[in-house]
Amino acid sequence: GNSVTQMEGPVTLSEEAFLTINCTYTATGYPSLFWYVQYPGEGLQLLLKATKADDKGSNKGFEATYRKETTSFHLEKGSVQVSDSAVYFCALIQLSNDYKLSFGAGTTVTVRA
Amino acid sequence: KAGVTQTPRYLIKTRGQQVTLSCSPISGHRSVSWYQQTPGQGLQFLFEYFSETQRNKGNFPGRFSGRQFSNSRSEMNVSTLELGDSALYLCASSSPGTGEFSYEQYFGPGTRLTVT
């Protein structure tokens, strides 16, 4: 079955530091890949997405590239802010006949001023 | 467009009771999925409905059930509540079949269920 392995946290950074959260996946075929973010007390927000190999998803300064050869979708941001403190989830969905998102365990990121 | 709404936002129930949670998808979205989020198990898929039909179901006991109405609104029901059912229940809607990003799922704020 499909699975997502995500870098364990928590991760604590200073403002303006570089953030990387590693994500690798196992799937048959060609899944679509997503990063979701969850702020305290809220639901999940779609941060970015990529639907095919070598696609780069980007949003709010975050980027992730769909690497089929390494089955990875690492999240990066060059200069984090305190407002980026949240839990980040990597996820995939198989478009063939599967209608569910498979999530990684989540990585808690805390950015200190 | 209004986002996904879930009611109620918070719920406290006693072991053995049953509960019904409601989800209204984004207007025009016909697929609704439900997920359970707990600190120990993370995010787990419960089921997905499209045009009032359940298309996929996760690995949960039969106490967990759901349905979808003709207006795409969905409800999930948990009977004979157990302490382990305490969780954040998230609903997501999507609009399959409308192109490259048709499987993007948009989440509601969740219903926080506490079973005592």
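For the structure, see preceding data.
Below: a short report on this structure. Computed from a predicted structure; not experimentally measured. (Residues numbered from 1 in each chain as written. Chains lettered and ligands numbered in written order. Predicted model: local features only at pLDDT ≥ 70, side-chain atom pairs only at ≥ 80, totals over all residues. Heavy atoms only, no water.)

### Description of the sheet that holds strand β7 (residues 64-68) of chain B
All names here are of chain B.
And step 1. Read from one edge of the open sheet, four strands run β1-β3-β8-β7, paired in antiparallel fashion. The sheet terminates laterally at β1 (5-7) and β7, the two strands that pair on one side only. Sheet twist, expressed as the mean angle between neighbouring strand axes with direction ignored, is 20°.
And step 2. Pairing of β7 with strand β8 (residues 74-78), which is carried by five bridges, proceeds in the antiparallel orientation. Note that in β8 the partner of Gly-66 across the bridge is Met-76. (Pairing = 2+ DSSP bridges. Helix = DSSP H or I, 4+ residues; strand = E, 2+ residues; numbered from the N terminus. Axes fitted to C-alpha atoms, helices over the stretch in contact; angles between N-to-C directions.)

### Remarks on the nonpolar core
And step 1. Core analysis: the biggest nonpolar cluster contains 25 residues, and A:Trp35, A:Phe73 and A:Tyr88 have the highest contact counts within it.
And step 2. Looking at this core element by element, the count peaks at four residues for strand β10 (residues 86-93) of chain A.
And step 3. For A:Phe73, the contacting residues outside a window of four places in its chain are A:Cys23, A:Leu33, A:Phe34, A:Trp35, A:Leu48, A:Lys49, A:Ala50, A:Ala64, A:Thr65, A:Tyr66 and A:Cys90.
And step 4. Listed in part, the 21 residues of the second largest apolar core include B:Val19, B:Ile26, B:Val78 and B:Ala87. (Core = buried A, V, L, I, M, F, W, Y, C linked by side-chain atoms within 4.5 Å. Buried < 20%, exposed > 50% of the residue type's maximum accessible area, 1.4 Å probe, protein only. Contact = heavy atoms within 4.5 Å.)

### A look at the interface of chain A and chain B
Where interface size is quoted, it is often the accessible area lost as the parts come together.
And step 1. Listed as interface residues are 20 residues of chain A and, on the opposing side, 20 residues of chain B.
And step 2. Summing both partners gives a buried area of about 1700 Å² for chain A against chain B, and 63% of it is carried by carbon and sulfur.
And step 3. Connecting chain A to chain B are one salt bridge.
And step 4. For the salt bridge of A:Lys49 with B:Glu104, the shortest nitrogen-to-oxygen distance reads 3.2 Å.
And step 5. Taken together, the connections running from chain A to chain B amount to four residue pairs in polar contact (both at pLDDT 80 or more). (Buried area = accessible area lost by both parts, 1.4 Å probe. Salt bridge = Lys/Arg side-chain N within 4 Å of Asp/Glu carboxyl O. Polar contact = N/O pair within 3.5 Å; in protein donor to acceptor, adjacent residues only side chain to side chain.)

### Let's talk about the packing of aromatic side chains
All names here are of chain A.
And step 1. On inspection of all chains with the given rule, the structure shows twelve aromatic pairs over all chains.
And step 2. Residues Tyr-25 and Tyr-66 carry aromatic rings whose centres are separated by 6.1 Å and whose planes lie at 80° to one another, so their mutual orientation is edge-to-face. Here Tyr-25, found in strand β4 (residues 23-26), pairs with Tyr-66, found in the loop between β8 (62-65) and β9 (75-77); they are 41 residues apart in sequence, far enough to count as distant.
And step 3. Each ring, one from Phe-62 and one from Tyr-88, has its centre 5.6 Å from the other, and the planes form 40°; the classification is tilted. With Phe-62 in strand β8 and Tyr-88 in strand β10, this residue pair connects regions lying 26 residues apart in the sequence. Neither Phe-62 nor Tyr-88 differs from the other in exposure class; each is buried. (Phe/Tyr/Trp six-rings, centres within 6.5 Å; stacked < 30°, edge-to-face > 60°.)

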